[in-house]
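# Commentary on secondary and tertiary structure
Listed here are the chains, written in short residue letters.
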Amino acid sequence: MKIIYQPPAPSAYNELRVEGGLSRKSLEAAEIGLSNSLFAVSIYEANTLIGMGRVVGDGGTVFHVVDIVVKPSHQGRGLGKVIMQEIMDYLDKNTFPGSYVSLIADEPANKLYEKFDFQYTYPKSHGMYKMY
C-alpha cells in the first residue's frame, strides 16, 4: 500500500468513484476539479487506485471534504479511517479560527465521520444541493 498526496488521474478517479457507488463525472470536469484540490490523498496497491479523498474550498474560510471512496474489494480494512486521518491532519494545520469544514455524509459513512467529530447540521440548517 502506498499513500500519495496528490489527486489521481481523471480516468482512475472516475473508475474508483463508479466502483465505489458514486456518480461518474465528465473527464473534463474531473481534470479541472482534481487540479483545483486544496489537498488530496490517494492510496494505491501496486499501480491500482484503491482509495482517495480530497479537500476543496477557498483555503481560508470554507473547506469541503469530498470524494471519500474506497474500492469495495478493499473496504473493511480501515482505509477510510486512514484517508480521513490524513484529511484531518491537513485541516488541523491549514484552517483558521472560524473556518467552516463541511461534508455530505451518505450512510453508513456518517458513522466514520462522527468518529472525527463531524456533527449533523440539522435541525439548525439543512444541507441542500443543485446538480447540473
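Structure shown above.
This section reports on the structure supplied with the text. All values derive from a computational prediction rather than experimental measurement.

## Observations regarding the overall build of the protein chain
The helix and strand tally for the protein chain stands at 4 helices and 5 strands. Reading the helices (α) and strands (β) of the protein chain from amino to carboxyl end gives β-α-α-β-β-β-α-β-α. In terms of overall size, the protein chain behaves like a compact globule, its C-alpha atoms giving a radius of gyration of 14 Å where 132 residues would be expected to give roughly 14 Å. Oriented by its inertia axes, the alpha-carbon framework of the protein chain measures out at about 40 × 30 × 30 Å. Burial statistics for the protein chain: of 132 residues in total, 36% are counted as buried. Taking as baseline every contact in the protein chain between residues at least 6 positions apart, the subset at least 24 positions apart corresponds to 58%. In the form shown here, the protein chain has an accessible surface area of approximately 8500 Å², with 53% of it arising from carbon and sulfur atoms. A gap of 3 Å separates the mean positions of the 13 positive and 14 negative side-chain charges of the protein chain.

## Topic: the pairing of strand β3 (residues 48-57)
It is a general feature of regular strands that their side chains alternate between the two faces of the sheet. Judged by how many residues are buried, β3 sits mostly within the fold: 7 of 10 residues are covered. Across 7 bridges, the pairing between strand β2 (residues 39-45) and β3 is antiparallel. Across the sheet, residue isoleucine 43 finds its bridge partner in β3, namely glycine 51. In sequence, β2 turns back onto β3 through a hairpin of 2 residues, with alanine 46 there showing a positive phi of about 60 degrees. Pairing geometry for β3 and strand β4 (residues 62-70), over 6 bridges, is antiparallel. By the bridge assignment, glycine 51 is partnered in β4 with valine 70. Hairpin connection of β3 to β4: 4 residues between the antiparallel strands, including glycine 59 at a positive phi of 80 degrees.

## Looking at helix α1 (residues 10-19)
Of the residues making up α1, those classed as buried are Tyr13, Asn14, Leu16 and Arg17. Within α1, the buried residues cover an arc of 165 degrees as seen down the axis, which keeps them to one side. The positive-phi residue at the C-terminal boundary of α1 is glycine 21, with phi of around 95 degrees.

Quick notes on the rules
- Residues numbered from 1 in each chain as written.
- Predicted model: local features only at pLDDT ≥ 70, side-chain atom pairs only at ≥ 80, totals over all residues.
- Heavy atoms only, no water.
- Helix = DSSP H or I, 4+ residues; strand = E, 2+ residues; numbered from the N terminus.
- Rg over C-alpha atoms; globule rule 2.2 N^0.38 Å.
- Buried < 20%, exposed > 50% of the residue type's maximum accessible area, 1.4 Å probe, protein only.
- Contact = heavy atoms within 4.5 Å.
- Areas by Shrake-Rupley, 256 points an atom, 1.4 Å probe, with all protein chains shown as cover.
- Lys, Arg positive; Asp, Glu negative; His and termini not counted.
- Charge placed at Lys NZ, Arg CZ, Asp CG, Glu CD.
- Pairing = 2+ DSSP bridges.
- Arc of directions from axis to C-beta.

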